[in-house]
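# Inside the fold
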There are 2 protein chains.
Amino acid sequence: MRRWGVPEPRPTMKDVADHLGVSRQLVSLVLRDLPGASEETRRRVRAAAEELGYHPDDSARVLRGHRSRRLGVLFTMREPFEVDLVEELFAGAAERGYALVLGPLSAARSQRTVLAELLGQRIEGLLVLAAEGGSATIDDLPGIPLVQLGGPRALETADDVRVDDTAGIDLLVEHLAGLGHRAITHVSGGDGPNARERRLAYEAAMERRGLALDVVPAAFTEDAGARAAQDLLARKRLPSAILAANDRCAAGVLGTLVRAGVRVPADVSVAGFDDSSIARLPYTQMTTVRHDPARLAGAALDAIVRRIDDPDATTVRHLEPPLLIVRASTGPALAR
Amino acid sequence: MRRWGVPEPRPTMKDVADHLGVSRQLVSLVLRDLPGASEETRRRVRAAAEELGYHPDDSARVLRGHRSRRLGVLFTMREPFEVDLVEELFAGAAERGYALVLGPLSAARSQRTVLAELLGQRIEGLLVLAAEGGSATIDDLPGIPLVQLGGPRALETADDVRVDDTAGIDLLVEHLAGLGHRAITHVSGGDGPNARERRLAYEAAMERRGLALDVVPAAFTEDAGARAAQDLLARKRLPSAILAANDRCAAGVLGTLVRAGVRVPADVSVAGFDDSSIARLPYTQMTTVRHDPARLAGAALDAIVRRIDDPDATTVRHLEPPLLIVRASTGPALAR
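As a starting point, this report considers the structure included with it. (Residues numbered from 1 in each chain as written. Chains lettered and ligands numbered in written order. Predicted model: local features only at pLDDT ≥ 70, side-chain atom pairs only at ≥ 80, totals over all residues. Heavy atoms only, no water.)

## Topic: the overall build of chain A
To keep things clear, this is the line we draw: To qualify as a helix, a DSSP run of H or I must reach at least 4 residues; to qualify as a strand, a run of E must reach at least 2; elements of each kind are numbered from the N terminus. Between buried and exposed lies partly exposed: a residue is buried under 20% and exposed over 50% of the maximum accessible area for its type, with that area taken using a 1.4 Å probe on protein chains only. Each accessible area is a Shrake-Rupley estimate made with a 1.4 Å probe; only the visible protein chains count as cover when residues are assessed.
In terms of helices and strands, chain A carries 11 helices and 12 strands. In chain A, which comprises 336 residues, the share counted as buried stands at 55%. Taken as a whole, chain A presents about 14,100 Å² of accessible surface, with 52% of it coming from carbon and sulfur.

As structure tokens, then:
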């Protein structure tokens, strides 16, 4: 019986070979899926490797070859949509023969620290998400293939994969205006990445319809949305609809309004952006725009693999079209 | 000028040495902090390494020595309290000279897949969190030093670090009873890890006070809390207070009640468990019990380092005392 919690010598290919009474070379050949062994031998070797708990050593493989086939991911675990993306990246990377090395940023871990760790793991390329709290600056980023995935647009020369922010905001303003809303306030993402594009798109969409602009500066967090809602509650009159810069900000707005006794959507409609897991919660049911994380992850992986294979390839700009998701947080405007 | 997004040959110690006109051995000695070079030389070598963008190769270092000094972390990114713990683990691991390799579980990534990845990175020990969705079974876990940190108690023989669930529930029942609540419903964590301990503690604390038990089975998620709240709303009379199995479940309860027009805490008090980031949101302001993530992470790291240094050490059981955090989601019971 194996004893758990107690270290045992890690089984090697030689252990597998000895167990079967075959050569180490034969085991290596089978486990690397190379030709030269019968199906029956392959079956026996794999069964013995499984039985003995043999795991190939990634570090040794990396040094043996020139390729690590590892991709670094710079992101933050606090942003639900980034977690959605990372989960899709895992699936897509495996399909393309790559492994991911996660580099989560946090208040205590600077981009420089995280990048040094990732580079120490011999990543062949870097996917930069980190929409929130990311301080991606050109100086910090390493000279390796790099794709920006919805995060800060730090490098004009890097491949870039993101949702079409302008099209997404257009869909939301069209939806709200179609419900009869005229006083539509934008709770903005402030200095956050993509916040400026979303605010400009709101302004353009409102102006096209002859509607008055009302922007409350905030940020991409629940806290900022809650503070913005407090500011709106202090006004004489609430807007008819609120279009927040992202789902987290919208959740802060919605939660604060509801706790203050405002009915959503009977009194005020609230919409977000991202269709992250927050938007789908039963007590949020948020109207938002979806940018498909599987499609975005696939496009980013295609871009980084292409860039690794051909460093001189022309720069990719992938703008993913968003999809309007209507849920219960928006409804017809009150006749006033 | 460096071109970003274009791969360049990774600078080596030899490049640093050539740049300065010194030997590679001298550069290696300085960068490994070994004696034998003047302070001035050390300063020059470090400056040149920085200027050239030299990063030590972790894979090479791992193979050179017998130690990887890497710890694997099995967790889920969807659970805010686990993210809190992982951030503390990063800080504590660095202090102890270890690096973390993250192994996030998800619906698409089984424990077996994640463990194989972690083992491929030559981890010396494994920290198992994964309170939610973790299917930690004895068969899946590798024979390396292992510490359970608040997650499923899969292995009786492994070191175990967790909050004292019973003491935490006692604090909450005492708080609610002290506010005059007698009809206190427990929305349970169902089959989730630690859920049984929390339910039993609720039952014991209520029985000690001669209060009637009311358990609504749920799970450790917002969705499950929301469904439980719908069930409670369908009753003739709401309980006076609701003690949910964790903060996420409590957030589902609270959000659903508030959206149904129930005032929290004027009509019903709601409490959670964990003091995760959800509990601190401005529109949640949840009374809960805190188990300090920094203290838990420190205790888990101490345990794994001790286990790595001495595989035959006796098993550690660390029960962290919880702290009651009173926020605005609980208040005095209504006189009825």
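Further notes follow.
## Describing the packing of helix α2 (residues 24–31) of chain A against helix α3 (residues 39–52) of chain A
Residue and element names in this part refer to chain A. Defined as follows: Think of each axis as a best-fit line through the C-alpha atoms, taken over the contacting stretch in the case of a helix, with angles from 0 to 180 degrees between the N-to-C directions. If an angle is under 35 degrees, it is roughly parallel; if it is over 145, roughly antiparallel; if it lies from 65 to 115, roughly perpendicular; otherwise it is oblique. Two residues qualify as a contact provided that any one of their heavy atoms is within 4.5 Å of a heavy atom in the partner residue. Gly is put with the polar residues, along with every residue not named as nonpolar or charged; the nonpolar set is Ala, Val, Leu, Ile, Met, Phe, Trp, Tyr, Cys and Pro, and the charged set is Asp, Glu, Lys and Arg.
Where α2 contacts α3, the two axes come as close as 10 Å, and the packing angle between them is 90 degrees. Between α2 and α3, the angle is such that the two are roughly perpendicular. Of α3, the residues touching α2 (which contributes L26, V27, L29, V30 and L31) are T41, R42, V45, R46 and A49. Taken together, the residues of the contact of α2 with α3 break down into seven nonpolar, one polar and two charged.

## Things to note about the environment of B:G190
Residues and elements named next belong to chain B. As for its position among the elements, G190 is in the loop between β6 (184–187) and α8 (195–208). Among the residues examined, G190 registers a relative accessible area of 34% and is labelled partly exposed. Residues G190 and A218, spaced 28 residues apart in sequence, show a C-alpha to C-alpha distance of 5.1 Å. Those residues in contact with G190, other than ones at most four positions away along the chain, are A195, A218 and A219.

## Some points on the pattern of salt bridges
Opposite charge on two side chains makes pairing possible when the charged atoms of those side chains draw close. Here is the rule we go by: Each reported salt bridge corresponds to a side-chain nitrogen of Lys or Arg within 4 Å of a carboxyl oxygen of Asp or Glu.
Tallied over the full model, the rule gives 48 salt bridges over all chains. A salt bridge links B:E39 to B:R42, with the nearest nitrogen and oxygen atoms 3.8 Å apart. Of this pair, B:E39 and B:R42 both sit in helix α3 (residues 39–52), three residues apart, roughly one helical turn. The exposure class of B:E39 is exposed, given its relative accessible area of 59%. For B:R42, a relative accessible area of 8% puts it in the buried group. What you see here is one network of salt bridges that share partners, running through A:R78, B:D84, B:E87, B:D275, B:R280, B:R290 and B:R327.

## Observations regarding the environment of A:D274
Residues and elements named next belong to chain A. We count it as follows: Two N or O atoms form a polar contact when they lie within 3.5 Å of each other; inside protein one atom must be a possible hydrogen donor and the other a possible acceptor, and for residues adjacent in sequence the pair counts only when both atoms belong to side chains.
Mapped onto the elements, D274 comes out in the loop between β9 (269–271) and β10 (288–290). D274 sits in the buried class, given a relative accessible area of 7%. Non-local contacts of D274, meaning those with residues more than four positions away in its chain, are made with E79, F81, R198, N246, D247, T288, V289, R290 and H291. Among the polar contacts listed, one links the side chain of D274 to the side chain of H291, at a separation of 2.8 Å.

## Looking at helix α2 (residues 24–31) of chain B
For α2(B), the full list of buried residues reads B:V27, B:S28, B:L29 and B:V30. Measuring from the side-chain oxygen of the N-cap residue of α2(B) to the backbone nitrogen of B:L26 gives 3.0 Å; that N-cap residue is B:S23.

## Points about the packing of aromatic side chains
Note the threshold: The rule is short: rings of Phe, Tyr and Trp, with Trp giving its six-membered ring, pair when the centres are within 6.5 Å, and they are stacked under 30 degrees, edge-to-face over 60, tilted in between. Comment: the charge-over-ring label is applied if NZ (Lys) or CZ (Arg) is within 6 Å of the ring centre and within 35 degrees of the ring normal.
For the structure shown, the criterion picks out zero aromatic pairs over all chains. Above the ring of B:Y98, the side-chain terminus of B:R69 is found at 4.4 Å from the ring centroid.

## Here we look at the sheet that holds strand β2 (residues 99–104) of chain A
Residues and elements named next belong to chain A. Quick note on the threshold: By the convention used here, strands pair only if DSSP detects at least 2 bridges between them.
Ordered in space as β2-β1-β3-β4-β5-β11, the six strands form an open sheet in which the pairing is parallel. Sheet topology places β2 and β11 (317–320) at the edges, where each strand pairs with a single neighbour. Within this sheet the neighbouring strands show an average axis-to-axis angle of 15 degrees, counted without direction. Sheet topology places strand β1 (residues 70–75) next to β2; six bridges connect them, and they run parallel.

## Thoughts on the side chain of A:N194
All names here are of chain A. Within the element layout of this structure, N194 appears in the loop between β6 (184–187) and α8 (195–208). A polar side-chain atom of N194 sits 2.9 Å from a polar atom in the side chain of R162. Ignoring any residue separated from it by four or fewer positions in sequence, one finds N194 in contact with G150, G151, R162, D165 and F220.

## As for unusual backbone geometry
Residue A:P265 is bonded to the preceding A:V264 through a cis peptide linkage, with omega at 10 degrees. Checked against the element boundaries, A:P265 lands in the loop between α10 (247–259) and β9. Of note in the backbone geometry, A:R69 takes a positive phi value of approximately 50 degrees without being a glycine. Its place among the elements puts A:R69 in the loop between α4 (58–64) and β1. The exposure class of A:R69 is partly exposed, given its relative accessible area of 29%. With a phi close to 55 degrees, B:R122 is a non-glycine residue in the positive phi region. Counting through the fold element by element, B:R122 comes out in the loop between α6 (111–120) and β3 (125–128). Judged by relative accessible area, B:R122 falls into the partly exposed class, the value being 23%.

## A closer look at the packing of helix α9 (residues 222–233) of chain A against α10(A)
Each pair of packed helices can be summarised by the angle the axes make with each other and by the distance between the axes. Residues and elements named next belong to chain A. Just so we agree on the cut-off: Take the far helix as the reference: if the near one is turned anticlockwise from it by less than a right angle, the crossing is left-handed, and if turned clockwise, right-handed.
Contact geometry for α9 and α10: axes closest at 6 Å, N-to-C directions at 45 degrees. In terms of their interaxial angle, α9 and α10 are classed as oblique. Two packed elements cross with a definite hand, and for α9 against α10 that hand is right-handed. Every residue of α10 that contacts α9 at E222, G225, A226, A229, Q230 and L233 is listed here: R248, C249, G252, V253, T256 and L257. In terms of residue class, the contact of α9 with α10 is made up of six nonpolar, four polar and two charged.

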